[in-house]
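# Structure assessment
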Amino acid sequence: MTDSVIAAGRVAVITGAAKGIGAALARRLSREGMRLSLFDRDETALQVLAATLGTECCLVTGDVTSVDDLTRLRDKTLAAFGEIALLINNVGIKAGGGPWDSPDKWRNNFEVNLLSAVTLQHLFVPLMLAMEQTGAIVNLGSKEGITTPPGNAAYSAGKAAIKVLTEQLAHELLQVTSGRVTAHLLVPGFTWTDMNFPGMNEQADAKPDEAWTSGQVVDYFLEHFTAGDFYIICPDNAVSSDLDRKRITWALQDMVENRPALSRWHPDWKEAFNRWINSPGSQL
């Protein structure tokens, strides 16, 4: 049923829409003929983007951690368009904390990366259920929420929670709507965005060879979304889908094999991981 969600005249809501993947989604969905409700804290950037789009837009400036601002997004979207076909929870931050850092660092990360999605689902999903049309919710995850590499525990934990949240949402929606409203987890690879490269200028700066552009991520997303995929895990120019599958498999086997935590990076297991990942028998 997802092929009727991204369609001319239907409405997409995108948070973190002013730049990066959010802006690339807005551009592509505009070309598909969708009407757009765009949310970001950067009012100027949001207006600049909207001026380049050939579709009807509702612009809402606010803080994704504010329930009042997200409620205003819902209400303005309904007043402007009267429906919601697609909700994309795209906004995110990298800043987090380590295992014994201040809870304030963790709280801020979770408020943006996790609880904003919970709030938006609370505000929008009941309306999508009541409208009796096809619809979808897309949450932005991260590979750091699946293989959870060391270095930013709060970010990895928040994105791991987004994965679980979206899995639970997908199951509950299947029970309630029999597939009329669906949920999907979009996991970008290494992407040329301001989140990964603070201060970058997408038009003027040179993109690293290893990274995909936001547009490539969106093209991959649309291909797999329309195919009905739940897990949409993007490769990039350095990491293939096959390598992603191997890394995910190894991470899951840490529990099955009772290996040390994060054994891929453990000094006693790093070589074993490298041998396994490069051996013909590890092909999936």
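### Remarks on the environment of A50
Considering the arrangement of structural elements, one finds A50 in helix α2 (residues 43-51). A residue is classified by how much of its surface remains accessible, and A50, at 17% relative accessible area, is buried. Here the alpha-carbon distance between A50 and F197, two residues 147 residues apart in the chain, equals 23 Å. Not counting residues up to four positions away in its chain, the partners in contact with A50 are C57 and L59.

### A few points about the environment of R41
Looking at where R41 falls in the secondary structure, it is placed in the loop between β2 (35-40) and α2. Separated by 65 residues in sequence, R41 and W106 have C-alpha atoms that sit 21 Å apart. Beyond its immediate sequence surroundings of up to four residues, R41 is in contact with T61 and G62.

### Here's the deal with helix α1 (residues 20-31)
The terminal C-alpha atoms of α1 lie 17 Å apart, and with 12 residues this matches the ideal 16 Å at 1.5 Å per residue to within 8%. Counting buried residues in α1 gives 10 out of 12 residues, a clear majority hidden from the surface. For α1, every residue scored as buried is listed here: G20, I21, G22, A23, A24, L25, A26, R28, L29 and S30. For α1, the secondary structure elements touched by its buried residues are β1 (11-15), β2, α2, β4 (86-89) and α6 (214-226). Immediately downstream of α1, the backbone of G33 shows phi near 90 degrees, a positive value.

### Digging into the pairing of strand β6 (residues 181-187)
In terms of burial, β6 is largely enclosed, as 7 of its 7 residues are buried. Because side chains alternate across β6, one face comprises the buried residues V181, A183, L185 and V187, and the other comprises T182, H184 and L186, equally buried. Strand direction decides the pairing type here: strand β5 (residues 135-140) and β6, joined by 6 bridges, are parallel. Across the sheet, residue L140 finds its bridge partner in β6, namely L186. Chirality of the crossover, the property in question, places the unit of β5, helix α5 (residues 153-177) and β6 among those that are right-handed. Between β6 and its parallel partner strand β7 (residues 231-233), the chain crosses via α6, and the hand of that crossover is left-handed.

Conventions and cut-offs
- Think of each chain on its own: its residues are numbered from 1, step by step along the sequence as written.
- Where totals are concerned, whole chains, interfaces and linings use all residues; where local detail is concerned, this predicted model gives features only for residues with pLDDT of at least 70, and gives and counts side-chain atom pairs only at 80 or more.
- By convention in this description, side-chain values take in all heavy atoms of the structure and omit both hydrogens and water.
- Only runs of H or I of at least four residues qualify as helices and only runs of E of at least two qualify as strands under DSSP, and these elements are numbered from the N terminus.
- Only protein chains enter the area calculation, which uses a 1.4 Å probe; residues under 20% of their type maximum are buried, those over 50% are exposed, and those in between are partly exposed.
- Every residue pair with non-hydrogen atoms within 4.5 Å of one another is taken to be in contact.
- How far a helix is expected to stretch is found by multiplying one less than its residue total by 1.5 Å.
- A pair of strands is treated as paired once DSSP finds two or more bridges between them.
- Handedness is read with the strands pointing away from the viewer; a crossover is right-handed when the path from the first strand over the helix to the second is clockwise.

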